[in-house]
Amino acid sequence: MDSQETSQDARTRQSFDVARSSDPRAGDSDQGKAAPSQGIPDEAPGTPKFGSSGRDYDLGVPVGPTPAMDFWKALYGRRSVRRFKPDAVPRELVDQVMHAGIWAPSSCNYQMWDLVAVDHPEINRRLAALSTQMGNAPVNIVVSYGRDFSEEAWANIQSASAMIQNMSLAAHVLGLGTFWITQMGHAEKVREIVGLPYDRIVIAVLALGYPKTPTKGPQKRRPLSMVTHYNHYAGRPIPSSIDPADWPPDLLATYQRARVLNGLRHNKPRAWEVRAVGEALERFVPEGRESMADGSQPRLWLDVLPCTGIVTERLGRERRGFQFEVAERSRDVAEWVSARTYPPAVVRGWPEASSELPSPKDGAYDVISCWFRLEDLAPGDRPELIACLARWLKPGGKLLLGLVNQRSYHVLSERLRRRRGGPRGVEYVLSPDPNIGPFQAVAPAKIEQLCIQAGLQLSGRLGVQATPPVEEVEFRARNFAERTRTIARGLGAVLRSLEYLPLVRSRLGRFQFRLFVKPN
């Protein structure tokens, strides 16, 4: 046997012993057999036996409940579920879900898949230690495929994906919810924990359980006309690059609209970013905490390109002495942000304006804020936005910019993210959370120069978080392998000892805030 196949440690053997002792399908025939001294068992716990007919093929007869549901209702009604009830799922339902899976198409009809349904709390706890995403449901179905089968054009992954789609639809019909997990921390560790042999590669894990809350109504999808073509592609693709220079403004607006409206809600601001923004507000705009007096002239605050609205929502809650407006690239996103503030913010448009989304008013605003949004503009487009910000300010008004410093640990973290073999793509680029899209840290000195050229006066500087906070390290490393997590924690602890050395935060702080004032 390959040495890689015999690398299971004692904990794997214990997991199988525990699972076997609680498995009602492990009958008397297993008793009295001597367990192997090492390696995976010859037969996994709960392995189904062939029927009395001795057939070694499946006839497509359901193995569990099959409630009727219209196909199209099932297709359009299925949703991904991230929060599950702790209630156990009967194995007859789990079996029926997996049975639906094996009737998916596979490359050359090889069907080289193997499934391990984990419903034992201890084994699920070990899976959750690899990735928190595997700690939410009472059942995790580990989906594997033959390691050296159908590798050309990723046909093995395609085959397993078809199986997962079948299982997801079947679960929905059975009143269950699923979540398709690809961030497993370490797929080989997952394989070892559930006892799969080396010649099986883990493709994904499907979390399965009863939804904790009812699924919401239909989600918005990109229009069919935008993503389909006949005979020859005739569209404009959303760029895959994280470089803002590769993104035309209209495609960036389309992408951000889709991300915000199609289910990505961004309702969980990150604690370390909240602290950074809070420090800037305390330093530069401490006024406006009390509600406006009746009949008083409202002071106007314009939040520019808030996208998810996380910061805008906080501003509206903590600075009630201002009336808020938001400027966004599309009406849908502007209205989404407006709905998060109370009272709802007035919506404006930039860079395009219309009768439904008019431009911000020139010389009208007491405060304008722009949080980490210059970073998703091409360098050549930044002067235009800064000139607009200066034009919209009233004399004596304040402009508050939040920037990510290119001389900070952010740039190194982003390089490591792209090189470590984990999630890549523009959706995983490191950026503060109101950002969605391409992102590149900036040189604060260059932004200062652009603002001064636009006629503004620099009034204050603040730099914070020169080293990664504990919460950020835990968040970024939550789906890493345990060894990598340990290294990240140790490195973060060493760096934090340098945080408060003279000039470190002001020059190397990841978050840089600048206050500008428009001369009277």
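Just above sits the structure.
Residues numbered from 1 in each chain as written. Predicted model: local features only at pLDDT ≥ 70, side-chain atom pairs only at ≥ 80, totals over all residues. Heavy atoms only, no water.

It is worth spelling out unusual backbone geometry at this point. Backbone torsion omega between Tyr342 and Pro343 reads -10 degrees, so that peptide bond is classified as cis. A cis amide bond links Trp350 to the next residue, Pro351, at an omega of 0 degrees. By secondary structure assignment, the location of Pro351 is in the loop between strand S7 (346-349) and strand S8 (365-371). Phi at Leu305 is positive, roughly 55 degrees, even though this residue is not glycine. Positionally, Leu305 belongs in the loop between strand S5 (299-304) and helix H10 (310-318). Look at Phe372: it is not a glycine, yet its phi comes out positive at around 55 degrees. (Helix = DSSP H or I, 4+ residues; strand = E, 2+ residues; numbered from the N terminus.)

With that out of the way, let us pick up the nonpolar core. In terms of nonpolar packing, the biggest core is built from 33 residues, with Phe284, Trp301, Trp371, Phe511 and Phe513 touching the most fellow members. Considering every element that reaches this core, the biggest residue donor is helix H9 (residues 271-284), with six residues. Judged by nonpolar contacts, the second largest core, of 27 residues, contains Val304, Cys370, Leu377 and Leu401. (Core = buried A, V, L, I, M, F, W, Y, C linked by side-chain atoms within 4.5 Å. Buried < 20%, exposed > 50% of the residue type's maximum accessible area, 1.4 Å probe, protein only.)

This paragraph deals with a nonpolar patch on the surface. Taken together, the side chains of Phe71, Trp72, Leu75 and Tyr76 define a hydrophobic patch exposed on the protein surface, amounting to about 470 Å² of accessible area. Along the chain, Trp72 falls in helix H2 (residues 71-77). (Patch = residues over 30% accessible without salt bridge, like charges linked within 9 Å, V, L, I, M, F, W, Y side chains within 5 Å. Areas by Shrake-Rupley, 256 points an atom, 1.4 Å probe, with all protein chains shown as cover. Salt bridge = Lys/Arg side-chain N within 4 Å of Asp/Glu carboxyl O.)

In the structure shown here, the tally under the stated rule is 10 aromatic pairs. Seen from their ring centres, Phe372 and Phe511 are 5.4 Å apart, and the 50 degrees between their planes marks the pair as tilted. Here Phe372, found in the loop between S8 and helix H12 (382-392), pairs with Phe511, found in strand S11 (residues 511-517); they are 139 residues apart in sequence, far enough to count as distant. With relative accessibility at 2%, the residue Phe372 sits in the buried group. The exposure class of Phe511 is buried, given its relative accessible area of 0%. Ring plane angle 65 degrees and centroid distance 6.1 Å describe the contact between Phe372 and Phe513, whose orientation is recorded as edge-to-face. Pair noted here: Phe372 is in the loop between S8 and H12 and Phe513 is in strand S11, with a separation of 141 residues, a long-range link. Pair check on accessibility: Phe372 and Phe513 agree, each one buried. The structure contains a cluster of three or more aromatic residues connected by ring pairs, namely Trp371, Phe372, Phe511 and Phe513. Over the aromatic face of Tyr198 sits the side chain of Arg147, whose NZ or CZ is 4.0 Å from the ring centroid. (Phe/Tyr/Trp six-rings, centres within 6.5 Å; stacked < 30°, edge-to-face > 60°. Lys NZ or Arg CZ within 6 Å of the ring centre and 35° of its normal.)

Once that is clear, we can look at the pairing of strand S9 (residues 393-404). The buried fraction of S9 amounts to nine of the 12 residues, a majority that puts the element mostly inside the structure. Across six bridges, the pairing between S8 and S9 is parallel. Bridge pairing in S9 places Tyr365 opposite Leu393. Handedness of the crossover joining S8 and S9 through H12 is recorded here as right-handed. In this structure, S9 lies alongside S11, joined through seven bridges in antiparallel fashion. Among the inter-strand pairings, Val404 is bridged to a residue of S11, identified as Phe511. (Pairing = 2+ DSSP bridges. Right-handed = clockwise from strand over helix to strand, strands pointing away.)

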